[in-house]
Structure formats: C-alpha cells, structure tokens
Amino acid sequence: MNSDLAQKRIAELSAELKQHNYNYYILSQPSISDFEFDILLKELEQLEKDFPAFAKSDSPTQQVGGDITKNFQQVKHKYPMLSLGNTYSKEELQEFDTRIQNAIGHAVEYVCELKFDGLAISISYENGKLVRAVTRGDGVQGDDVTQNVKTIRSIPHELKGNFPPSFEIRGEIFMHRKTFERLNNELKTELLEQGVDEDKIAERLYKNPRNFASGSLKMQDSKEVAKRSLDAFLYFVYSDVNLCETHSESLKMAESWGFKVSDHFKICKDIDEVMNFVNTYDKERQNLSYEIDGVVIKVNNYSFQKELGFTAKVPRWAISYKYKAETAISQLREVTYQVGRTGAITPVANLTPVQLAGTTVKRASLYNADEIERLDLHAFDTVFVEKGGEIIPKITGVDTSKRDLFAQKIMYPSICPECQTPLVRKEGEAIHYCPNDSHCPTQLIGRMEHFISRRAMNIEGLGGETVAGLFKKGLIRSYADLYELKYEQLNGLEFESEDEAGNKKKRSIKEKSAENIINGIAASKSIPFERVLFALGIRMIGETVAKKLAQQFENIDNLMQANGEKIASLYEIGEKIAENLTRFFADEDNVAMVQRLKAAGLQMELAFNPDEIRSNKLAGKKFLVSGSFSISRDELKKLIEHNGGQNVGSISKSLDFLIAGDKMGPEKLKKATDLNIKMISEEEFMQLIQESIIS
Ligand code: IVH
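Just so you know, these numbers come straight off a predicted model, no measurement behind them.

Explain the overall build of the protein chain to me, please; I cannot follow it from the model alone.
A count of helices and strands for the protein chain gives 26 helices and 24 strands. Considered along the principal axes of its C-alpha atoms, the protein chain spans approximately 105 × 85 × 50 Å. Counting the 695 residues in the protein chain, one finds 47% classified as buried. Considering only contacts within the protein chain whose residues lie at least 6 apart along the sequence, 68% involve residues at least 24 apart. When the accessible surface of the protein chain is split by element, carbon and sulfur atoms take 48% of a total near 36,200 Å².

Below you can see the structure in the form of structure tokens.
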C-alpha cells in the first residue's frame, strides 16, 4: 500500500473504531461483534506499524496499552481534589438539609448520585483531546497515570459536540464485580500452578473490586492495565468559564461530549425525595454490576453552591450518605476443617442458608483458631454475617442473647480430621498444619491433582474428581501408580464423588473416557524435565524454581545427589527451598517413586532444545557447517543464529569457523586447510556457546 492510501485508511479505521467504542462503552449498544472489532483494530495496528508517521497519539490502538512507566510523575491539581463530608445516619442527612435551608433561606434542589466504590481520577482535556489523567493522591497533588487511563475504553481520547477548549473532569475508576471474580480466579489458578502454598494464596489475591482497580491503575505496564477491563463514570466538570447554571446540566453536557455518565441519578426537589433515593438504592445496589458504598447528594444550583462555599476540608454543598456493610443473621450448623495440598487447615463455618448482597450464603471463612477464639464461637450460635466487597463472607459477631445455656464451645481439633495425625502450629504462625504429608489422603489427593494439572503433567482426560475417585478406590497411591493403570481397570469403574458443598454423586468411567485417560497418561511421558520437577509438588518448587533447577542440575540424579549447601548457593534459590528439596529426597518413598517414574519413561533430564539456548556469544562470527552431526544440521544452524553468529554457504577467507562433522567432503577439507580456516568439532562448538570468549 502506498503512503497516501495508508494515511487515508488509518484515518477511516480510527474514525470507525472510535464510533464503535462509543457505541459499545458509552451507549452500551454495539453495532458489530467483538471479533469484527478486533479485525479492524488489528488492521489499524499493522498500518500504524508500517507507516508510523501517520500513527496518532489518540488512536484507538493506544487503548491496548503502550509504554512502560517507571515512576509516576507527581502533578499538582489545578483545583484541589477534596473529599466529601459523610454520614451513616438519616438524622444527619436531615441536619445537612436544615443547614442549607438556613443558609440559603429556602428549600433547594439536590442531585442524588451513586457513590461509586473505586478511585477518584481527574482528567484534563485541551481542545477536545485527553492530555492528562491524575489520581487524587493527597488531594493537592497526585500521580500522572495518563498512559494507564488511556487504556480504559469508556474514557474518550477525543471529544465530540460543543465542548469548552480547556477543562477538567472528575470521576471514578472501578472494576465490575464479574471482571473482579474472573480475574481473581485466574490469579488464584496461576498462583496455585506456580506452586504458591494454599495458605498464602488468600493474601496474594485482591480483597475486593476497588482494591483490584487501584492495584491495576498503579501498574507500570499499561499493556497489563488494558487487560484489567477497568471502567469509569464521570461526575464533575471543572472549568474556568461558566458553562451552565446547574450540576445536572453539566452532567448532560458531559454526556453529550462523549463521557460515560451514570443513568442512576435523580434531581430531587427536597430532602424527602433524597431519602427515597437513598432507600431505593439501598435495595437496588445488589442488582448493579459494580459496587457502590453510598449516595452522593449535591446542591444542584451552582450559584447556591458558591454561596455555601467550603469548610477547611469539604464542600458545604455536598455530602455522602454511606451504606453500612451488608449484614445478615444466620445460625451456625457446624464448623468443618479443610485440609489443603500443603496440609494447611482452614476452619469453615457452615451456616443455615441466608440471602446476602444478592447471593445465598451457606459458608463463611473462620480463618484460624485465633478467630474462633475471638468470636468465642459456640455450637448453634446465632451469628452476624457480613459481605463487605470481599467474595467470601465473614462472621463479624455473635448474638449471645440467643445462645443456649448449655451450648458447647467450639474447640479447635488437635488432630487432622482426615488422617488423625496430631496437628502442629509453628511459632508465630496463625495456621495449623497436618504434618503427615506423605500419608494424609487429602494432601495426597491434592498433590495428585496438582501433578495432573495443565501446567504440570497436563494429563488430558483426567480431572480432579476422577483422581480423587481412583485414590479412594485404592488404584493410585503415588504419582507412579498412574503410569501402571490399565484400560481394563478403568473401563466401567464406579466411584462416588463429592462437590464442594459435600453433596455426593455416583460416577462411572465409560469406555471412551477410559481410553482418553490412558492416552493422556501416555502422552505426558514427553513433558519436559522441568515440568516433571514442578509436578512433583515439592514445597516452594514453583515453575520458575523448577526451571532453574533443571537447567543447573540437568538431570534428576544430579539433583538428588546435590547437597543442600550447593543448592542454596544458586542464584535466587536460597536455604528454604534447598531445605525442602533435601527433605523430599531424604525420604525413601519419594526416591522410590521418582525411580518408578523414571522407569515408566518420564523425562528426567534436560532435553536439548535449540530454541532455548540464546546468547550473543558468537556475534560477528561466520560459520559453515559441513558433514553430519548428533543433531540435525538445521538445529545446529539455528544454534549459531540464536547465539549471534552468521551462517554462510561456502568457504571463503572471511569464514571464521568450519564446524566439521562426520563424512565431510574432501574438497571442503582441502579448501579450508588451504585458507587456514579454523576447524572445530560439534563438541568444541557446544563449548563455545557455553563459554564466553572466542578468539
Ligand atoms: S463528587 C467536591 N460524586 O467519593 C465533589 N464523588 O468521599 C467531589 N465518589 O473522592 C466528589 N462517587 O472518589 C462525587 N458520584 C460521585 C462519587 C464520588 C464516588 C468518591 C470520590 C470522592 C469521594 C468523596
């Protein structure tokens, strides 16, 4: 495509995509599918890559993220970002109205809006273009997060209609509940697959959508921010010129310029209407796709706002009414204790089902023994359950007046509920563990599930429930047993499975599934060594550590024989990991299991992979390969290129090395000798790429 045509097409595509973004994110009325949108976007991306001179800073392609920001620049707000006075009480809301009526002399109109639970942002526009986005910070100055904010699709880069040349608009950036759940689940899977201990997972997850949104906006890589699907509502316009008379008009104007303004607002002629709005949304908020923590009430008329002015900290013309966290009352049925893959015990309160914030709550986390003690929990206690944005509800208190006189205090068990081994609690830790890691069935099943998982042995056809079933049927006790399973043992096998709520159902393995399981197990024998190492489920040996160990020790025997000190001295490994490894291999059962896996044909040594050996060690050097080698000539050539060297096709004076294999032609040999070219063997070449100096 010539440059005139490219320029024209870039402009066309940009305009078209901007319209689609507007239809989708602002109007919620998409006119094309996501797939069609992506095709147009990809075409634009390619054209901008080929013709960078025509790539505009406000291009829709910018919304997929761009540069990495090292440190956010601090920017002073032109208009300080104030917070609002807030209250939880209807009486105080009434008093707010009385104060205003006294100051103005009569009743005034209010605008009620939702108080979105996110992060405040201030965005500046110059001549209709987004120029800067700054967080609230301390109210006086905040972080310049422009690059990240540009990835939020509901925030326009360019305005339409009749906007003033320069203004700031404030709003709230947030994450939808569904997105939060999806991303947090993805994060959980990722952490589990990386080998992070289960009891450490909860603290690594985001507590609520607000937290996730704020963590996302502060990320340095805007491409990552783009994946977080953040959204924004805008609710306040600041300009040096008078644009209109009332706040509600300003919201309408902002909407006409292309901003996303919430539909859930109301002009109220008096405080009674405000109270109605507050009551309505106390119920309605559970049906919203995002979280709100209250209602913001603003005096509508700007001249009255001016008359009322500000206190030292907050405007006198606005207030927020905050909803209390949603609470429900339920009854404790039973406390159960879950055992994780690493032996960590988590107490769970099983409750009489109750409706809370749009979902039925049956269980609440009790975290650890201290929490049970703090609540002084007794059998069948009436409890208060709260869901403050967190996914798992918690018990905030007990109604002791409802407690039966003879109710038994909940006692934390001293033995593992699954294998009866006495529990241990390490100094300074809140969590109890079952130390029987080699025989506790729940830990074994948990580790087996890890072994077959996608990022470990990736055994297709075999899922968690079936593994648990096979275990309970006595068919598998160790990873190695999997490789001895026979089709006849599986076909028609009946077992009982249990879902999370403890409901049991009968399952049986049909012919086709049995075949898939056997094939999946066989296919897993080609999974590379580093993943086998990760699959073993040794504490703290996540994917990255497994890879490092595989590269350093090259095979399982070297690793099993290495002493703790040597392992610990490796870069980024450290003592704790080394300790876990040596403890694992000190156990005879584990060694026997590894030997059986090896005999079954699993990869127990580092495979040669030319794609993974990359360096700049051969930079500027010319190579010719001739003859046959232990690896293919193409692989050898790939190695040369991946390490910075150049392959040439014939012998000349400028050639640096001839790699001579078996059966090299005599003519080549002669020519190379005549020209005094350095000849090396395959082994010598391999040494070259491992060492750094070549002369
Ligand atoms: S108006 C001077 N409107 O609540 C007026 N704020 O406690 C400033 N917020 O920092 C804010 N929804 O982050 C306003 N509809 C809404 C809001 C809202 C949420 C947040 C905002 C502000 C905080 C004040």
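That shown, we press on.
How should the site of the ligand be read in this particular structure?
Near the ligand the following residues occur: Leu84, Glu113, Leu114, Lys115, Phe116, Ala120, Glu172, Tyr235, Val296, Lys298, Pro315 and Trp317. Residue Glu113 places a side-chain N or O atom 2.8 Å away from a nitrogen atom belonging to the ligand. A distance of 3.0 Å separates a nitrogen atom of the ligand from a polar atom in the side chain of Lys298. Within the complex, the protein chains bury 90% of what would otherwise be the 530 Å² of accessible surface of the ligand. Of all elements in the fold, only strand S3 (110–116) and strand S10 (292–299) reach the threshold of two or more residues within the shell around the ligand.

What is the right way to read the environment of Lys472 from this model?
Residue placement: Lys472 occurs in helix H14 (residues 464–472). In sequence terms Lys472 and Ala226 are 246 residues apart; their C-alpha atoms lie 45 Å from each other.

Please clarify how the nonpolar core should be interpreted in this entry.
One broad trend across soluble globular proteins is that nonpolar side chains are buried collectively. Core analysis: the largest hydrophobic core is formed by 57 residues, its most contacted members being Phe451, Leu482 and Leu549. In this structure Phe451 touches Ala456, Met457, Asn458, Ile459, Tyr479, Leu482, Tyr483, Ala535 and Leu602, once residues within four positions along its chain are discounted. Membership of the second largest hydrophobic core comes to 35 residues, among which are Leu93, Phe233, Tyr235 and Ile319.

Hey, could you run me through the side chain of Glu168 in this one?
Along the chain, Glu168 turns up in strand S7 (residues 166–174). Here Ser122 takes part through its side chain, which lies 2.7 Å from a polar atom of the side chain of Glu168. Looking at Glu168, its side chain comes within polar contact range of the side chain of Arg170, at 3.2 Å. When residues no more than four places from it in sequence are discounted, the contact partners of Glu168 are Lys78, Tyr79, Ser122, Ile123, Ser124, Phe236, Val237 and Tyr238.

It is not clear to me how the packing of aromatic side chains should be interpreted in this structure. Could you clarify?
Aromatic ring pairs are defined here through the distance separating the ring centres and the angle between the ring planes. Tallied over the entire structure, the rule returns 26 aromatic pairs. Taken together, a centroid distance of 6.5 Å and an interplanar angle of 15° make the contact between Phe116 and Tyr235 stacked. Of the two residues, Phe116 is situated in strand S3 and Tyr235 in strand S8 (residues 231–238); the sequence distance between them amounts to 119 residues. Each member of the pair, Phe116 as well as Tyr235, carries the same accessibility label: buried. Seen from their ring centres, Phe233 and Tyr290 are 5.3 Å apart, and the 70° between their planes marks the pair as edge-to-face. Of this pair, Phe233 sits in strand S8 while Tyr290 sits in the loop between helix H10 (271–284) and S10, placing them 57 residues apart in sequence. Both residues of the pair, Phe233 and Tyr290, count as buried. Taken together, the ring pairs connect Tyr79, Phe236, Tyr238, Phe310 and Trp317 into an aromatic cluster.

Is there a simple way to think about the packing of helix H24 (residues 633–642) against helix H26 (residues 682–690) in this case?
The relative placement of two packed helices is expressed as an angle between their axes plus a distance between the axes. Between H24 and H26, whose axes approach to 11 Å, the crossing angle comes to 25°. When the interaxial angle is binned, H24 and H26 end up roughly parallel. Viewed along their axes, H24 and H26 form a crossing whose handedness is left-handed. Two secondary-structure elements touch here, H24 through Leu636, Leu639 and Ile640 and H26 through Phe685, Met686 and Ile689.

I keep staring at the sheet that holds strand S2 (residues 86–87) and nothing clicks. Help me out?
Strand pairing in a sheet relies on backbone hydrogen bonds. The paired strands run either parallel or antiparallel. Taken together, the 5 strands give an open sheet; going across it, the order is S2-S11-S10-S3-S9, and neighbouring strands pair in mixed fashion. For this open sheet the edge positions go to S2 and strand S9 (266–268), each flanked by a neighbour on one side alone. Here helix H9 (residues 247–256) sits on the sheet and contacts S3, S9 and S10; the angle it forms with S3, its principal contact strand, is near 55°. Against the sheet, H10 contacts S3, S9, S10 and strand S11 (318–322), and its axis sits at roughly 20° relative to S3.

Hey, could you run me through the side chain of Ser154 in this one?
Relative to the assigned elements, Ser154 resides in the loop between helix H4 (146–149) and S7. Within the structure, the side chain of Ser154 is placed 2.6 Å from the side chain of Asp231, a separation counted as a polar contact. Within polar-contact distance, the side chain of Ser154 engages the backbone nitrogen of Ala232 at 3.3 Å.

What is the right way to read the sheet that holds S8 from this model?
Reading across from one edge, S5-S4-S7-S8 is the order of the 4 strands in this open sheet, with antiparallel pairing throughout. Both edges of this open sheet fall to strand S5 (129–135) and S8, since each of them pairs with a single strand only. When the angles between neighbouring strand axes are averaged without regard to direction, this sheet yields 30°. Bridge analysis of strand S4 (residues 119–126) against S7 gives 8 bridges, and the strand direction is antiparallel.

Basis of the calculations
Residues numbered from 1 in each chain as written. Predicted model: local features only at pLDDT ≥ 70, side-chain atom pairs only at ≥ 80, totals over all residues. Heavy atoms only, no water. Helix = DSSP H or I, 4+ residues; strand = E, 2+ residues; numbered from the N terminus. Buried < 20%, exposed > 50% of the residue type's maximum accessible area, 1.4 Å probe, protein only. Contact = heavy atoms within 4.5 Å. Areas by Shrake-Rupley, 256 points an atom, 1.4 Å probe, with all protein chains shown as cover. Near = heavy atom within 4 Å. Polar contact = N/O pair within 3.5 Å; in protein donor to acceptor, adjacent residues only side chain to side chain. Core = buried A, V, L, I, M, F, W, Y, C linked by side-chain atoms within 4.5 Å. Phe/Tyr/Trp six-rings, centres within 6.5 Å; stacked < 30°, edge-to-face > 60°. Axes fitted to C-alpha atoms, helices over the stretch in contact; angles between N-to-C directions. Parallel < 35°, antiparallel > 145°, perpendicular 65-115°, else oblique. Left-handed = near helix turned anticlockwise from the far one by under 90°. Pairing = 2+ DSSP bridges.

Keep in mind that these numbers describe shape and distance, not what the molecule does.
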